[in-house]
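Now for the letters of each chain:
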Amino acid sequence: MSDDKRLTPAQLGVGDMDPEEFRAAAHRVVDRVADYLAGLEAYPIVPDLKPGDVRSQLPATPPGSPEPLDDILGDYARLIEPNITHWQHPGFMAYFTSIASGPGILGEWLATGLNSNVMFWKNAPASTELEERVVEWLRSMLGLPGDFDGMFTDTASVSSLLAVVAARHSIPGLDTTEKGMAGHPDMPRLRMYCSTEAHFSIEKAAVVAGVGREGVRRIPADDEYRMRPDLLAEAIAEDRDAGWLPFCVVGTVGTTSSTSVDPAGALAEICRREGLWLHLDAAYGGTAALVPEMRSLLEGWERADSIVVNPHKWMWTPFDASLLLFRAPERFREVFSLVPEYVSASVTAGAHNYNEYGIQMGRRFRALKMWMLIRYFGAHGMAERVRHHVRMAASLRDRIDDDPDWERLAPVPFSTVCFRYRPAGLADRSEQPEIGRQLDAWNEEILNRVNASRRIYLSHTRLAGRYAIRVTLGNLRARTEHVERCWDLLEAAARGVDFGGKTL
Ligand code: PLP
């Protein structure tokens, strides 16, 4: 008994951590994170690990008895922090930016403390109403009309899935929400459209929505990787003749490979004429609309039925946060609202019950971090940061354009540049298959060398069959000197590549 007095409630096997112990530990955690962010550049971006290296240092069985916090935090510092890929690092320029800004982290921490589950207004009144407000703020910051409603989800993949399901539900006369998709021999096969450049999450949405991958028709893109509306119109007509039932078009604003922008206005016109739902995947590119003078790039996107923009990409929001905007909330509610007895008392008439608009019942309180971030930076401050990233990308683009040994492989509408090393002497012959294969191999080698520096981290894609190195800017911590470093490493890597004695 006397021993028990020295043990905390958690150690006794009852209750949570003691509040004062929590306070002290929380201060240590805050310091740890602040030190991490301040010292990020000391870490190599990618750890030198083989699969299993971390796991083998973690005990195979969980501890039976309580462990001291010092040990736990010590293991975090030793095993976890150094052994992640550092997405927060200013030299991380791969894929699309996904960083957590200071105010975003603070908001995430506060939301975690509250653990508000934003399912029904009654269970989460302030969280629900903050989400309503922040969605309205973002909608207006993006320059979209006031008839867009919306909500936060976890990812663009899920936002697009919800939109595809709402689009499917909107097909007149099928009632797929009640009847389902299976066992209807009389049901025509559904068809949706996206470009050859669209993200694979659209195909996954088709799989989950019962449309299937064969139900996704990929429309060819033009030589700037934008969906060709003339071919879309032809495909719809051809499919109708062949007995398919077209129901949805997914355009992309900022494709994953080249960041091309499908012509939203032309797609909206086709959708209006054909009675199809237009969903726009603006997971990355939508953020550009924070900058009023960039909105012309997205012209026509305001005519979509639904749009997804990911704050956890180029809006510096800690993972995860995806903004799904839609014009007809009732379509989502008709599909997703189910009110069994055990929650019926939680439904408040006239209030927003967010779980009725999506698949999840329990929902994270994502609006708080967005609210803190928007207030801390301000709408103008956010726009200025986007401009800065676009300027840095433009300076890299200009370097590439000015250097005859490098070749840009796509326009740069936003903050991502795709290019390859192509010695000037090969310019005339770069379309020859053998030379093309050689260039692919050299560029892969250049990328590997840059990444091996572990001070800059890039990814690649393939554009018109050509291996393209891809640099994306959008990290709040990246400054001009990081772009310089990236360029210097690229040049050094290109100089160091073994060209196998080839005459150039
Ligand atoms: N759409 C586009 C255009 C993307 O580039 C990505 C990811 O990079 C996604 C969707 C998927 O995003 P999420 O990871 O939020 O599902």
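In this report, we go over the structure that sits alongside the text. (Residues numbered from 1 in each chain as written. Predicted model: local features only at pLDDT ≥ 70, side-chain atom pairs only at ≥ 80, totals over all residues. Heavy atoms only, no water.)

Re the packing of helix H15 (residues 433–453) against helix H16 (residues 480–496)
How two helices pack is summed up by the angle between their axes together with the distance between the axes.
Consideration 1: Close contact between H15 and H16 brings their axes to 9 Å; oriented N to C, the two are set at 125°. By the angle between their axes, H15 is oblique relative to H16. Helix-helix and strand crossings are classified by hand; for H15 and H16 the assignment is right-handed. Residues Ile 446, Arg 449, Val 450 and Ser 453 of H15 touch H16, and the partners they reach there are Leu 489, Leu 490, Ala 493, Ala 494 and Gly 496.
Consideration 2: Classifying every residue of the contact of H15 with H16 gives six nonpolar, two polar and one charged. (Axes fitted to C-alpha atoms, helices over the stretch in contact; angles between N-to-C directions. Helix = DSSP H or I, 4+ residues; strand = E, 2+ residues; numbered from the N terminus. Parallel < 35°, antiparallel > 145°, perpendicular 65-115°, else oblique. Left-handed = near helix turned anticlockwise from the far one by under 90°. Contact = heavy atoms within 4.5 Å. Nonpolar A, V, L, I, M, F, W, Y, C, P; charged D, E, K, R; others polar.)

Observations regarding the environment of Phe 419
Consideration 1: Tracing the backbone through its elements, the reader meets Phe 419 in strand S9 (residues 416–421).
Consideration 2: Given a relative accessible area of 0%, Phe 419 falls into the buried group.
Consideration 3: Sequence separation between Phe 419 and Ser 258 is 161 residues; the distance between their C-alpha atoms is 9.8 Å.
Consideration 4: Setting aside residues no more than four positions away along its own chain, Phe 419 makes contact with Ile 400, Trp 406, Glu 407, Arg 408, Leu 409, Ala 468, Ile 469, Val 471 and Leu 490. (Buried < 20%, exposed > 50% of the residue type's maximum accessible area, 1.4 Å probe, protein only.)

Focus on the site of the ligand
Consideration 1: Around the ligand sit 13 residues in total, of which Ala 156, Ser 157, Thr 256, Asp 281 and Asn 310 are the nearest.
Consideration 2: The contact in question runs from an oxygen atom of the ligand to an N or O atom on the side chain of Thr 256, over 2.9 Å.
Consideration 3: Here an oxygen atom of the ligand sits 3.1 Å away from a polar atom, N or O, in the side chain of His 312.
Consideration 4: Against a free-state accessible area of 390 Å², the protein chains account for coverage of 86% of the ligand.
Consideration 5: Under a 2 Å grid-point criterion requiring more than half of the atoms, the pocket assigned to the ligand is the second largest pocket.
Consideration 6: Of all the secondary-structure elements, those providing two or more residues to the shell around the ligand are helix H6 (156–169) and helix H11 (311–314).
Consideration 7: Its residues assigned to classes, the shell around the ligand comprises three nonpolar, eight polar and two charged. (Near = heavy atom within 4 Å. Polar contact = N/O pair within 3.5 Å; in protein donor to acceptor, adjacent residues only side chain to side chain. Areas by Shrake-Rupley, 256 points an atom, 1.4 Å probe, with all protein chains shown as cover. 1 Å grid on protein atoms, 1.4 Å probe; cavity = no way out; pocket = protein on both sides within 12 Å on 5 of 7 lines; lining within 4 Å. Sits in = over half its atoms within 2 Å of the grid points.)

A closer look at the pairing of strand S1 (residues 149–153)
Consideration 1: Of all five residues that make up S1, four are buried, and the element is covered over most of its length.
Consideration 2: Where S1 meets strand S7 (residues 322–326), five bridges bridge the pair, whose relative direction is antiparallel. Paired with Gly 150 across the bridge in S7 is Leu 325. (Pairing = 2+ DSSP bridges.)

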